[in-house]
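# Summary of structural features
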Amino acid sequence: MKIIESSRRVLVCQNRTCRKQSAAKVLTAFQKLSGAEVEVVASSCLGQCGNGPMVLVLPEEVWYSGVSAEEVAAITEQHLQGGKPIEAMLYRKFHGLSR
């Protein structure tokens, strides 16, 4: 029996604050758009309450904050498939980018 392990995971916070900010819709959008090579996981609190919905892409440890369901297609195409995180959407607390 061969076990296929996804090399990339997308965690979408489903805790109270993120759920109030439509995190369930974000999770559903990732589940619909992400291919088999990406495991999409409904996570518990990612510890960044008030900045959500929070999305964490592993193993790269790339954080996105305030993600809407409408933005999931761009993350999927540009980051997950194209390998380029979307700088404008990154969580500034962990990705202090210079301009």
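Scroll up for the structure.
The structure contained in this document is the topic of the report that follows. (Residues numbered from 1 in each chain as written. Predicted model: local features only at pLDDT ≥ 70, side-chain atom pairs only at ≥ 80, totals over all residues. Heavy atoms only, no water.)

For the coordinates displayed, the defined rule picks out 2 salt bridges. Residue Arg8 pairs with Glu60 through a salt bridge whose shortest N-O separation is 2.5 Å. Pair noted here: Arg8 is in strand 1 (residues 8-13) and Glu60 is in the loop between strand 3 (55-58) and strand 4 (62-64), with a separation of 52 residues, a long-range link. With a relative accessible area of 16%, Arg8 lands in the buried category. (Salt bridge = Lys/Arg side-chain N within 4 Å of Asp/Glu carboxyl O. Helix = DSSP H or I, 4+ residues; strand = E, 2+ residues; numbered from the N terminus. Buried < 20%, exposed > 50% of the residue type's maximum accessible area, 1.4 Å probe, protein only.)

Here the focus is helix 3 (residues 72-81). Side chains that are three or four residues apart share a direction in an α-helix, a result of its 3.6 residues per turn. Listed as buried for helix 3 are Val72, Ile75, Thr76, His79 and Leu80. One face of helix 3 carries all of its buried residues, which in axial projection span an arc of 115°. Among the exposed residues of helix 3, those oriented more than 90 degrees off its buried face are Glu77 and Gln81. On its buried face, helix 3 sits against strand 1, helix 2 (23-33), strand 2 (38-43), strand 3 and strand 4. Immediately beyond the C-terminal end of helix 3, within one or two residues, lies Gly83, with a positive phi of roughly 80°. (Arc of directions from axis to C-beta. Contact = heavy atoms within 4.5 Å.)

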